[in-house]
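What the coordinates show
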There are 2 protein chains.
Amino acid sequence: MVQYSKARLDASFAALSDATRRGVLEQLGRADASITDLAEKFHMTLTGMKKHVGVLEQAGLVTTEKVGRVRTCKLGVRRLEEEAAWIEAYRQLWDARFDELDKIVEELKRKEKDDGE
Amino acid sequence: MVQYSKARLDASFAALSDATRRGVLEQLGRADASITDLAEKFHMTLTGMKKHVGVLEQAGLVTTEKVGRVRTCKLGVRRLEEEAAWIEAYRQLWDARFDELDKIVEELKRKEKDDGE
DNA sequence: AGAATACTGAACCATTCGGTTCAGTGTCTA
DNA sequence: TAGACACTGAACCGAATGGTTCAGTATTCT
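Presented here is an overview of the structure given in this document. All figures in this text were calculated on a predicted structure; none of them were measured in a lab.

Another point: the protein's contact with DNA strand D. Inspection of the region around DNA strand D gives 21 residues, with A:Lys51, A:His52, B:Thr36, B:Lys50 and B:Arg71 positioned closest. A:His52 has a polar side-chain atom sitting 2.2 Å from a phosphate oxygen of DNA strand D. The contact in question runs from a phosphate oxygen of DNA strand D to an N or O atom on the backbone of B:Ile35, over 3.3 Å. Listed by contribution, the elements that provide at least two residues to the surface near DNA strand D are α4 (46-58) of chain A together with α3 (35-41), α4 (46-58) and β3 (70-75) of chain B.

Written as structure tokens, this is what we have:
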């Protein structure tokens, strides 16, 4: 399996493990938004939303820029490439594992039949 | 965007956000293992490992069966389909969003040029 | 200038997390 | 049957999470 950045996967999967933060990403996929916009949309205080945005920013999934008194949030540069790759590799492992188990079962069946005859 | 099970995504992304647990999944992709096996491999107490396995089991990523005194862990039925689907949908959103921004930039460039001439 | 807006940081709170130890319980094995 | 083995559950621990309030600061509007 390819070498993944442990800390990076930790951070982004953790970021994705909260429904509010996934919602923020979907929202930013539609349009950039200020902290106030997001806080209202998700029924939360400004401070609370700022923390969520901070988590997403740390994970590289969101970038923000403050102009005047408003901080605008937009999707970050990361497209979840590594996360998608990890999951894809896992799925292949899973398939291989179950194929293997199937073969073992087949083998057992064959032997059983041989023994029986 | 398709309807995903909020709680399920919460649980599985959270399960994946820990390097030890991702390691356990990779390990179980190679061979089934007892709690003792896994605890040794990841330098951790039995109790500690049992908790990790519990988290993975709750997320449906691992199943276990106790025979005699040993509990054998294997990959569960879930293949991270929903998680892969969420990420894929996000990536499409991301692409669409950046295409859109590109268009806006193009538009601005065009206007600028018109104004200049 | 004064009021309203938008954010920020510190402090606090309850809960969860990742890990441990310790004291069992049940299962093998000699 | 005694000892070793594999796990289990409860209790504890410090740190991180997800949220809040409160008291600022900086910016914008009137």
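The discussion continues.
What follows concerns the sheet that holds strand β3 (residues 70-75) of chain A. Residue and element names in this part refer to chain A. Taken in spatial order, the three strands make up an open sheet running β1-β3-β2, and their pairing is antiparallel. Across the chains shown, the open sheet's two edge strands, defined by having one partner strand only, are β1 (33-34) and β2 (62-67). The pairing of β2 with β3 spans six bridges and is classified as antiparallel. Bridged to Thr 63 within β3 is Lys 74. Across the sheet, helix α2 (residues 19-30) touches β1, β2 and β3, and the angle it forms with β3 is around 90 degrees.

Here the focus is helix α2 (residues 19-30) of chain B. All names here are of chain B. In this model α2 runs 17 Å from its N-terminal to its C-terminal C-alpha over 12 residues, within 8% of the 16 Å that 1.5 Å per residue would give. Of all 12 residues in α2, 10 are buried, a share of seventy percent or more. What α2 keeps buried is the set Thr 20, Arg 21, Arg 22, Gly 23, Val 24, Leu 25, Glu 26, Gln 27, Leu 28 and Gly 29. Looking at where α2 begins, the residue whose side-chain oxygen comes 2.9 Å from the main-chain nitrogen of Thr 20 is Asp 18.

Rules of the game
- Residues numbered from 1 in each chain as written.
- Chains lettered and ligands numbered in written order.
- Predicted model: local features only at pLDDT ≥ 70, side-chain atom pairs only at ≥ 80, totals over all residues.
- Heavy atoms only, no water.
- Near = heavy atom within 4 Å.
- Polar contact = N/O pair within 3.5 Å; in protein donor to acceptor, adjacent residues only side chain to side chain.
- Helix = DSSP H or I, 4+ residues; strand = E, 2+ residues; numbered from the N terminus.
- Pairing = 2+ DSSP bridges.
- Contact = heavy atoms within 4.5 Å.
- Axes fitted to C-alpha atoms, helices over the stretch in contact; angles between N-to-C directions.
- Expected span 1.5 Å × (residues − 1).
- Buried < 20%, exposed > 50% of the residue type's maximum accessible area, 1.4 Å probe, protein only.

The quantities given are spatial measurements derived from coordinates; they are silent on function.
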